[in-house]
Amino acid sequence: MPDRLKGEVEKITFYSEDSGFGVIRLRSGRTITGTLPKLNEGDRIEAEGEWMVHPKFGAQLKVSKITILEPKGKAAILKYLLSGVIKGFTKTTAKRFVDLYGEDALDILEKEPKKILKVPGISETQYDIILKSWSEQKNLRNLVIFLQKYDIPLTHASKILERYGDASETIILTNPYKMIFDIRGIGFKTADKIAQKVGLNHDYPPRIKSGVLYLLEGVANSSGHVFLPYDELAEMAEKNLGVNLDQYGKQFQELIDERRLVVLDQNVYLREIYDSERIIEGKILALSKPKNDVTTGFFTPFSKKLKYLAEEQLLAVKLSTENNFLVLTGGPGTGKTTTIKGIIDLYTKCQLKVALTAPTGRAAKRMSEVIGKEAKTIHRLLEYDPVTGGFLHKKNFPLKVDLLVVDEVSMINTFLMASLLYAVSDKTTVIFVGDKDQLPAIGPGNILHDILEYDKVPIVRLTKIFRQAEQSRIITNSHLINKGIMPDLSIDREGDFFFMPENNSENIPQLLLDLVKKRIPAKYGYNSFTDIQILAPMYKGAAGVDEINRFLQNGLNDQKVLKTKADREYKRNDKVMQLVNNYEKDIYNGDIGFISGTTDNNDALEVVFGENIVEITTGEIDDITLAYACTIHKSQGSEYPCVIVVLTNEHNFMLKRNLIYTAITRATNLLILVGTERAIRLAVSNNTEQKRYTSLFKLTDSNWKELKPAKEF
């Protein structure tokens, strides 16, 4: 028999919107804990569960079921209305409403809402807001009761209600798999557990269809695959879904008929990824045809001013005037930036409009700094439309530019590249700039690699390392690593590349703190927060990103804690990184900011990203993380005056040549390797790359229009 407890919420001691775990103190002094719906101070609740004794906090009721009750009595009702749960009331109108209707006030809201208009000060507009808010709260209470009936986590109740409204219960009972694609935080495994609890069979058709889409979406995001061979997909379905895919040809064909899947030569694509690859191919081939415009005739006289360029650099400038598409690739110190400046100078002299873009905020900022002209992220350039959830610039509203330079192309996945090229006019000259030896994009595709492999469009490969670059061991060592040769780790106290051996991973956080807080600022004058970035291959471990961040936050930042989420604390001045794209707030995955404080009501953190102050609400706090250290993957496209790279034996399974190469080339002035020589040697010698299934320029050897249509399975 479960223990029961009824009372009024006095204080929300702790609540995680991510996990739903909460610690709530009632007015009686009792404490309840467990997975809870979002409660407000003043809420009346009835809980069932089991009493537990916490070693530090004493007796707590571990909740298994909870019901939110309507408040009773005039004082409780007024407090409830003043809590802000029901929107539309002011302090004055709430008191008048309760004074007028007393203990019947909530019954009036439910059964005779028009009587609210008799309260002085409540307008028709406020009445509509009150009615809408009351309905939402009532529906939320009912949904919480429904979810508990099937032991469904309460953490997603508000999101489910917002997305599905009155249809919430019907959708959960008939097709909970729909939530995978509609509710952030609900994956296939969660939906599958819900389906079992509401009595849906293992071979329920929506389960098979959603499972196939889930598997393909998963490998696209985690492994970069554009497609999967059918046999591999079937093997994954057997392992993860527990079904023989061959027995579900009807459901598979329905996915094709619904334009969710494409099958070519027994390779299975998500339709949107397949279409995105074809958009990229079509636009690149259309742009790669010879052109003859004002720049073509201008090249010869202008080239006399470009005598500072090497032969291969000059060729790139020339090709940019003869075709509307060009790929410029090369490692560090090979003059990519100088070449691009020459091309931009030529187009500017011809009075043509030039735009620069890169996939991340930091990459765009760096591009602006080295080129001397504003660069925008791709998302800002295309202008996100919050109404449609897409971009304003597209085929019927293309970008009005004559030259578009796209940097860090190796970082751009298939979806984003398709969106960019879809917004490019056939008269625009597009230049892709990138280093093929960097880590591939996060997400589906390997675009720069596939274009270079295709080799039937204008490409210039810069190979000459210039004299000034040869004086930097960051540059020379990165090229050695790229060739599979150990970098020069010898001591050069006046150089820009250092190795600090440390075999014990547990000593590394303290060593890093000493470097960042004292030694580097003292010798080089770098700011501990803005100029120095620590990179590591992985999050976990004694020398992983999570532990380093915790240690450096405690050692560098003595400001007070502003927000706590699970085991993470956020302080004023903390260095943080945005983890997901938020188009409406114009902040994107990989952007780095600094916490400046909280909003006046303490509801949100205020974070400075570049020149903008962005509010990060409690619900969005999982979208940021501490960034004193970050993974090497997250650093792609960024450069920092000083980079410290941690490579230890505990990182062994992550260590690859392109990983250490990417890490080292993030540093502009100073690079410090911390860890073991064995780990460095292992990384340099390991040139294996995880195969990505892609088909860019691989489905036909001639024209993209000859691509075979998706055939029936």
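Rules used throughout
- Counting of residues starts from 1 at the beginning of each chain's written sequence and follows it residue by residue.
- Given that this is a predicted model, residues contribute local features only at a pLDDT of at least 70 and side-chain atom pairs are listed and counted only at 80 or more, while totals for whole chains, interfaces and linings are drawn from all residues.
- Computation of side-chain values covers all heavy atoms of the structure but excludes hydrogens and water.
- Put simply, DSSP marks the helices as runs of H or I at least four residues long and the strands as runs of E at least two long, and each gets a number from the N terminus on.
- Atoms counted for the radius of gyration: C-alpha only. Globule rule: 2.2 Å times residue count to the power 0.38.
- For the exposure calls, accessible area comes from a 1.4 Å probe over protein chains only, and a residue counts as buried if that area is under 20% of its type's maximum, exposed if over 50%, partly exposed in between.
- Contact definition: two residues touch when any of their heavy atoms are within 4.5 Å.
- As used throughout, the charge tally considers Lys and Arg to be positive and Asp and Glu to be negative, leaving His and the chain termini uncounted.
- Working definition for charges: the position is that of NZ of Lys, CZ of Arg, CG of Asp or CD of Glu.
- Two strands are said to pair when DSSP picks up at least two bridges between them.
- Each axis is a line fitted through C-alpha atoms, taken for helices only over the stretch in contact, and angles between the N-to-C directions span 0 to 180 degrees.
- Two aromatic rings from Phe, Tyr or Trp, using only the six-membered ring of Trp, form a pair when their centres are within 6.5 Å; if the ring planes differ by under 30 degrees the pair is stacked, by over 60 it is edge-to-face, and anything between is tilted.
- Look at NZ for Lys and CZ for Arg. If either is within 6 Å of the ring centre and within 35 degrees of the ring normal, a charge sits over the ring.
- Each salt bridge in this description consists of a side-chain nitrogen of Lys or Arg and a carboxyl oxygen of Asp or Glu lying within 4 Å of one another.
- For every domain, the bounds stem from an assignment made automatically or drawn from a database.

1. Points about the overall build of the protein
Inference 1: Looking only at helices and strands, one finds 25 helices and 28 strands in the protein.
Inference 2: Against the 2.2 N^0.38 benchmark of 27 Å for 713 residues, the protein shows a C-alpha radius of gyration of 29 Å, consistent with a compact globule.
Inference 3: Seen through its C-alpha atoms, the protein measures out along the principal axes to roughly 90 × 65 × 55 Å.
Inference 4: Classification of the 713 residues of the protein by burial places 53% in the buried group.
Inference 5: The contacts in the protein between residues at least 6 apart in sequence include a share of 66% that link residues at least 24 apart.
Inference 6: Across the protein, 96 positive and 92 negative side-chain charges occur, with their mean positions spaced 2 Å apart.

2. Observations regarding the sheet that holds strand E2 (residues 21-26)
Inference 1: One closed barrel holds the five strands; their spatial order is E1-E2-E3-E5-E4, and the pairing between them is mixed. Geometrically, the sheet is characterised by an average inter-axis angle of 50° between neighbouring strands, direction not taken into account.
Inference 2: Relative to E2, strand E1 (residues 3-15) runs antiparallel, the two being bridged by five bridges. Directly across from Ile12, in E2, lies its bridge partner Ile24.

3. Looking at the environment of Leu556
Inference 1: Mapped onto the fold, Leu556 is located in helix H23 (residues 545-556).
Inference 2: When its relative accessible area of 15% is taken as the criterion, Leu556 is described as buried.
Inference 3: Considering only alpha carbons, one finds Leu556 and Lys149, 407 residues apart in sequence, at a separation of 48 Å.
Inference 4: If we skip the residues at most four places from it in the chain, Leu556 touches Leu513, Val516, Lys517, Ser528, Phe529 and Tyr628.

4. A look at the packing of aromatic side chains
Inference 1: With the rule as written, the count across this model stands at 13 aromatic pairs.
Inference 2: Taking the centre distance of 5.2 Å and the plane angle of 80° together, the rings of Tyr269 and Tyr274 count as edge-to-face.
Inference 3: The ring of Phe181 has Arg260 sitting right over it, with the charged end atom 5.8 Å from the ring centre.

5. Some remarks on the pattern of salt bridges
Inference 1: Overall, the coordinates contain 33 salt bridges when judged by the stated rule.
Inference 2: We note a salt bridge from Glu277 to Arg278, for which the minimum N-O separation is 3.0 Å. Note on accessibility: Glu277 and Arg278 belong to one class, buried.

6. Some points on the domain arrangement of the protein
Inference 1: Considered domain by domain, the protein is made up of domain 1 (3-149), domain 2 (157-265), domain 3 (275-466) and domain 4 (485-685).
Inference 2: If you average the C-alpha positions of domain 1 and of domain 4, the two centres end up 42 Å apart.

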